[in-house]
Amino acid sequence: MINFPNCNILSTDQFACADIAQLFTAAAVVKPYAKREQQTNVLQGAILSNLFFEPSTRTRLSFSSAFKLLGGAVNETTEISTTSSVKGESLCDFAKVVAEYCDIAVIRHPDAGSAAKYAECSNVPVINAGDGANEHPTQALLDIYTMEQELAKYDKTIDGVTLACIGDLKYGRTVHSLLKLLALFEDVTIHLISPMSLQLPKQFTEKLSERGHRLEYFNRLEPGIENVDVLYVTRIQEERLSEVDQNNLQLASFQINRTIYEQVCTPETVILHPLPRNSRSDTPELHTDLNDHPNLAIFRQVANGLTVRMALFALIMDVVEQISHTTY
């Protein structure tokens, strides 16, 4: 189990079911503050360094807003070109310097394993906001939180769920982290639907197989999404692909639109997407004709991300019990 106060959050490997339950209990405490129904200054005087060396909208703003809604202050770095890394400063030196300016740090970096390397040299807690194609643990936590809430509307739980993961399963770090967390639950069935060149790496299936969960592979969309409880649609990580790879993906074969959804899925199938979805393509992975569908939960995911990250900050900074006493 995780001892949350002052701990690093670097991988979903750290979590047990009891840790997820503790986080979701804290989420219930902070939810009124995330929804702006109440205000707190429980983290007044504390500073977050929000360090993003890859493009981000939701994750960066979510972490920043979460800390501010708890009463803290935030300093931000949004491009590697604005740091002393361009002068040859090592990631370790950078971590030691930044720790002098803050009480906790969040880092997104293009290199797999970079968050762990950063944390080794940091004197303050570190949260991994995405390290290359490796992991994105807080996204997985908010995805599980959202899945739990959406399934509850149909009297279902994550235990026994059938989930279809669709798209870029090779480079999609959100899928990697999500599947590690799902391995903690019972009787899970995973449909892995992707182009052959973007199949899930074997190391992310091992825990699922060890726990006796069922994995099924599909290179066609329709048979993979039939009678599932949840669709988890992902964006093709174009920034990690060669031009040749991109031209050979046949993306139209993996697009979820209203016609396919209504023809193949059940009326209770929940639609999730970690965002952003690609709107520049003629064949977006998740079509906007589903925008008004009640089972499209992608924007509820966004709201839940704020709540879950506030809960994580409150646990790491050890202030959950103080929140109600600092309401104003």
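Everything below is about the structure printed above this text.
An account of the accompanying structure is given in this report.

What counts and how
Residues numbered from 1 in each chain as written. Predicted model: local features only at pLDDT ≥ 70, side-chain atom pairs only at ≥ 80, totals over all residues. Heavy atoms only, no water. Pairing = 2+ DSSP bridges. Helix = DSSP H or I, 4+ residues; strand = E, 2+ residues; numbered from the N terminus. Axes fitted to C-alpha atoms, helices over the stretch in contact; angles between N-to-C directions. Contact = heavy atoms within 4.5 Å. Salt bridge = Lys/Arg side-chain N within 4 Å of Asp/Glu carboxyl O. Polar contact = N/O pair within 3.5 Å; in protein donor to acceptor, adjacent residues only side chain to side chain. Disulfide = S-S within 2.5 Å. Buried < 20%, exposed > 50% of the residue type's maximum accessible area, 1.4 Å probe, protein only.

With respect to topology, five strands assemble into an open sheet ordered S7-S6-S5-S8-S9, the strand pairing being parallel. The sheet is open, and its two edges are formed by strand S7 (214-218) and strand S9 (270-272), each paired on a single side. Averaged over all pairs of adjacent strands, the angle between strand axes in this sheet comes to 20 degrees, irrespective of strand direction. Examined bridge by bridge, strand S6 (residues 189-193) and S7 share five bridges and lie parallel to one another. By the bridge assignment, Ile190 is partnered in S7 with Leu215. Helix-sheet contacts for helix H6 (residues 173-182) involve strand S5 (162-166), S6 and strand S8 (230-233), and the interaxial angle to S5 is about 165 degrees.

A few words now on the pattern of salt bridges. This structure, assessed with the given rule, holds 13 salt bridges. Residues Asp292 and Arg258 are paired through a salt bridge, measuring 2.8 Å at the closest nitrogen-oxygen approach. Here Arg258 lies in helix H10 (residues 258-264) and Asp292 lies in the loop between S9 and helix H11 (298-316), a separation of 34 residues in the sequence.

Structurally, the position occupied by Ser114 is in helix H4 (residues 114-121). A polar contact is formed between the side chain of Ser114 and the side chain of His109, at a distance of 3.5 Å. Setting aside its immediate chain neighbours within four residues, Ser114 contacts Leu91, His109 and Asp131.

The next point concerns the sheet that holds strand S2 (residues 73-77). The parallel open sheet is built from four strands, whose spatial order is S2-S1-S3-S4. The open sheet has two edge strands with one neighbour each: S2 and strand S4 (126-131). Taking each pair of neighbouring strands and ignoring which way they run, the sheet shows an average axis angle of 15 degrees. Of the pairings in the sheet, the one linking strand S1 (residues 47-52) to S2 comprises five bridges and is parallel in character. Bridging across to S2, Leu48 finds its partner in Val74. Lying over the sheet, helix H2 (residues 58-69) contacts S1, S2, strand S3 (104-109) and S4, oriented at roughly 180 degrees with respect to S1.

Another aspect to go through is the state of the cysteines. Under the counting rule described, the total for this entry stands at one disulfide. A sulfur-sulfur separation of 2.1 Å characterises the disulfide bridge that pairs Cys92 with Cys121. Between Cys92 and Cys121, the disulfide has an S-S torsion of -105 degrees and is therefore left-handed. One end of the pair, Cys92, is in helix H3 (residues 91-99); the other, Cys121, is in helix H4, with 29 residues separating them in the sequence. Note on Cys92: relative accessible area 27%, which makes it partly exposed.

Another point: H6. Note that an α-helix has 3.6 residues per turn; residues three or four places apart therefore point the same way. The element H6 is largely enclosed, with a buried count of ten among its ten residues. Buried within H6 we find Arg173, Thr174, Val175, His176, Ser177, Leu178, Leu179, Lys180, Leu181 and Leu182.

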